[in-house]
Amino acid sequence: MGEVTREEKLRLEFNRWAEAGKGQGMEQDHLPITLPMLERMQLRPDEVVLDVGCGIGWLVRLIARLVPEGRAAGVDVSDEMIRQAREFSKGNEHVRFEVGTADHLPFPDETFTRIVSIESAYYWPDPANGLREIARVTAPGGSAWILINYYRDNPECHQWTPLLPPTYLLSAEEWAELFRQAGFTDVHHDRIPDPTPTPDEYSGRWFRDAEQLRRFRAEGALLVYGTKPAA
Ligand SMILES: C[S@@+](CC[C@H](N)C(=O)[O-])C[C@H]1O[C@@H](n2cnc3c(N)ncnc32)[C@H](O)[C@@H]1O
């Protein structure tokens, strides 16, 4: 029997997440940090947008409403996430979902004016290659936006490492450098604090206690973005 590839492991892991209904939970958890990113992006009505690692597609459906004259698509390594994304989007002609990986995006060169990715990039087997793929499918003058809660400069997420599939715990500057190496210019990084009120008690497995969760949210998610030079 051949060795199970890292992508196959990701597919199986995130199929389990999807089957356990975690897709909807992620929508709730990630919306408060995603809305400020969308505000900064200032999408025009005719933009063509891709979400890499789209999960059950909540952001693709949200973006589709912001680009009524354009299109929105999502891609994910988990076929179960994509099955649910299509199910939740029945009758919505404005969205499209494909099974695929950041390493091989199933789209022609220069298809999208904007690419987004929420809480996914640190799982990619080869983030440098994923960003090169993103640059390939970005139209000249378009931009890519990655938002992640797991990065080295936030010490309040380091305890996640043994709880996750293999991941990259890179710093903001390391992510920015990968953007530059992929050909993006005007690369910036910034923090988006999570405004969600923290409960008095915390009994989940991601944080030691409510105080650590409060500090994590105050540190904020890391946003990295850059532009593909116009032709
Ligand atoms: C933490 S979930 C976030 C999902 C979604 N962006 C959201 O905010 O609800 C990470 C997602 O990235 C996807 N993913 C992980 N590695 C991937 C890869 N190499 N290529 C494409 N998708 C990937 C997973 O299947 C999963 O749906």
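Residues numbered from 1 in each chain as written. Predicted model: local features only at pLDDT ≥ 70, side-chain atom pairs only at ≥ 80, totals over all residues. Heavy atoms only, no water.

Colleague: Is there a simple way to think about the overall build of the protein chain in this case?
Modeller: Along the protein chain, the regular secondary structure elements total seven helices and seven strands. When the elements of the protein chain are put in sequence order from the N terminus, they spell out α-α-β-α-β-α-β-β-α-β-α-β-α-β. The C-alpha radius of gyration computed for the protein chain amounts to 17 Å, which stays within 12% of the reference 17 Å derived for 231 residues, consistent with globular compactness. When the accessible area of the protein chain is evaluated, it comes to approximately 11000 Å², of which 51% is carbon and sulfur surface. Taken together, the 26 basic and 37 acidic charged side chains of the protein chain have centroids lying 1 Å from each other. (Helix = DSSP H or I, 4+ residues; strand = E, 2+ residues; numbered from the N terminus. Rg over C-alpha atoms; globule rule 2.2 N^0.38 Å. Areas by Shrake-Rupley, 256 points an atom, 1.4 Å probe, with all protein chains shown as cover. Lys, Arg positive; Asp, Glu negative; His and termini not counted. Charge placed at Lys NZ, Arg CZ, Asp CG, Glu CD.)

Colleague: So what exactly am I meant to see when it comes to the site of the ligand here?
Modeller: Around the ligand sit 21 residues, and of these H30, G53, W58, D76 and S120 come closest. Within the side chain of W58, an N or O atom sits 2.8 Å from an oxygen atom of the ligand. Interatomic distance of 2.5 Å between a side-chain N/O atom of D76 and an oxygen atom of the ligand. Contact with the protein chains hides 99% of the accessible area of the ligand, taken as 590 Å² for the molecule alone. Mapped by element, the contributors of at least two residues to the shell around the ligand are α1 (6-19) and α2 (22-41). Along the lines of polarity and charge, the residues of the shell around the ligand split into twelve nonpolar, seven polar and two charged. (Near = heavy atom within 4 Å. Polar contact = N/O pair within 3.5 Å; in protein donor to acceptor, adjacent residues only side chain to side chain. Nonpolar A, V, L, I, M, F, W, Y, C, P; charged D, E, K, R; others polar.)

Colleague: Just checking my understanding: could you explain helix α4 (residues 79-88) for this structure?
Modeller: Quick reminder: α-helices carry 3.6 residues per turn. Residues three or four places apart thus point the same way. Among the residues making up α4, those that are buried are E80, M81, I82, Q84 and A85. Where the residues of α4 are buried, they touch α1, α2, α3 (58-66), β2 (71-76) and β3 (95-99). (Buried < 20%, exposed > 50% of the residue type's maximum accessible area, 1.4 Å probe, protein only. Contact = heavy atoms within 4.5 Å.)

Colleague: Teacher, can you tell me more about the environment of C157 here?
Modeller: Residue placement: C157 occurs in the loop between β5 (138-148) and α6 (172-181). For the pair C157 and F216, spaced 59 residues apart in the sequence, the C-alpha separation amounts to 7.1 Å. The contact partners of C157, leaving out residues within four places of it in the chain, are N149, Y150, Y151, L169 and F216.

Colleague: How do you make sense of unusual backbone geometry when you look at a structure like this?
Modeller: Note: most peptide bonds trans; most residues except glycine with negative phi. Residues other than glycine seldom take positive phi values, yet Q42 does so here, at roughly 50 degrees. Mapped onto the secondary structure, Q42 falls in the loop between α2 and β1 (48-52). The exposed category is assigned to Q42, whose relative accessible area is 58%. Positive phi, close to 55 degrees, is recorded for E119, a residue that is not glycine. Position of E119 relative to the elements: it lies in the loop between β4 (112-118) and α5 (127-137).

Colleague: I tried to follow the packing of aromatic side chains on my own but got confused; where do I start?
Modeller: The geometry of an aromatic ring pair is captured by two quantities: the separation of the ring centres and the angle between the planes. A complete count under the given rule lists 13 aromatic pairs for this structure. Taking 5.6 Å as the distance between ring centres and 75 degrees as the angle between the ring planes, the aromatic pair formed by W160 and W206 counts as edge-to-face. Of this pair, W160 sits in the loop between β5 and α6 while W206 sits in the loop between β6 (185-192) and α7 (210-219), placing them 46 residues apart in sequence. Overall, the relative accessible area of 23% leaves W206 in the partly exposed class. Between W160 and F216, the aromatic rings sit 5.4 Å apart at their centres with planes inclined by 50 degrees, giving tilted as the arrangement. Placement of the pair is W160 in the loop between β5 and α6 and F216 in helix α7, with a sequence separation of 56 residues. Under the relative-accessibility criterion, W160 is labelled buried at 7%. (Phe/Tyr/Trp six-rings, centres within 6.5 Å; stacked < 30°, edge-to-face > 60°.)

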